[in-house]
Amino acid sequence: MTTAVCFQCGHLKFGSFLACDECQAKPRTDDELIVSLAMSDHYFEKATLESMGQYIKEHGHPPQLDPEQEKVFRRKFEEVKASGVLDKLFQSNEDS
Ligand SMILES: [Zn+2]
């Protein structure tokens with residue numbers, strides 16, 4: 001299971017696109033989804049994720065990705081979106 005940082009409260013949660021078990025926030029917009037995709041153990045070490053979480057707790061928003069990174073993650077996100085995984089995910093969330 002993926003470890004990811006909640007884009008809203010900085011809590012380490014499971015699954016980039018799942019609701020945070022701390023604040024219940026779920027990424028909805030493209031920007032929230034991209035930052036959630038980026039802040040996961042697919043791309044960063046646990047220690048880095050923890051400092052990102054700390055940043056969010058202190059500043060109330062996620063650290064800015066540098067433009068090159070953001071381009072990469074945006075492309076990855078488009079792939080994820082095109083695969084239909086997100087539709088399935090949102091569908092099953094609404095069922096439960
Ligand atoms: Zn949260």
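Calculation rules
- Residues numbered from 1 in each chain as written.
- Predicted model: local features only at pLDDT ≥ 70, side-chain atom pairs only at ≥ 80, totals over all residues.
- Heavy atoms only, no water.
- Donors = N, O, S within 2.8 Å, 3.2 Å for Na, K, Ca; no water.
- Tetrahedral: all angles 85-135°; square planar, octahedral: opposite > 155°, others 65-115°.
- Helix = DSSP H or I, 4+ residues; strand = E, 2+ residues; numbered from the N terminus.
- Buried < 20%, exposed > 50% of the residue type's maximum accessible area, 1.4 Å probe, protein only.
- Expected span 1.5 Å × (residues − 1).
- Contact = heavy atoms within 4.5 Å.
- Salt bridge = Lys/Arg side-chain N within 4 Å of Asp/Glu carboxyl O.
- Polar contact = N/O pair within 3.5 Å; in protein donor to acceptor, adjacent residues only side chain to side chain.

Before going further, it helps to spend a moment on the coordination of the zinc ion. Around the zinc ion, the protein contributes the donor atoms Cys-6 (SG), Cys-9 (SG), Cys-20 (SG) and Cys-23 (SG), which lie 2.3 Å from the metal centre. Angles of 105 to 112° at the metal separate the four donor atoms of the zinc ion, which places the site in the tetrahedral class. Donor residues for the zinc ion sit on one chain with the sequence pattern C-x2-C-x10-C-x2-C. Placement of the pair is Cys-9 in the loop between strand E1 (3-5) and strand E2 (12-14) and Cys-23 in the loop between E2 and helix H1 (30-38), with a sequence separation of 14 residues. When its relative accessible area of 19% is taken as the criterion, Cys-9 is described as buried.

The next subject is helix H2 (residues 46-59). With 14 residues, H2 extends 20 Å from end C-alpha to end C-alpha; this agrees with the ideal 20 Å at 1.5 Å per step. Elements in contact with the buried residues of H2: E1 and E2. Positive backbone phi, approximately 80°, marks Gly-60, located one or two places after H2.

Once the charged atoms of two side chains with opposite charge are near each other, the side chains can pair. Counted by the stated rule, this structure contains five salt bridges. Across the salt bridge formed by Lys-71 and Glu-68, the nearest N and O atoms sit 3.1 Å from each other. Here Glu-68 and Lys-71 lie together in helix H3 (residues 67-82), a separation of three residues that amounts to about one turn. A residue is classified by how much of its surface remains accessible, and Glu-68, at 52% relative accessible area, is exposed. Of the charged contacts in the structure, one is a salt bridge between Glu-70 and Arg-74, with a shortest N-O distance of 2.9 Å. Of this pair, Glu-70 and Arg-74 both sit in helix H3, separated by four residues, roughly a single helical turn. In this structure Arg-74 comes out as partly exposed when scored by relative accessible area, which is 31%. One salt-bridge network, in which partners are shared between bridges, spans Asp-31, Glu-70 and Arg-74.

Looking now at H3. The end-to-end C-alpha distance of H3, which contains 16 residues, comes to 22 Å, matching closely the 22 Å that a straight helix rising 1.5 Å per residue would cover. The N-cap residue of H3 is Asp-66: its side-chain oxygen and the backbone nitrogen of Glu-68 are 3.1 Å apart. The positive-phi residue at the C-terminal boundary of H3 is Gly-84, with phi of around 85°.

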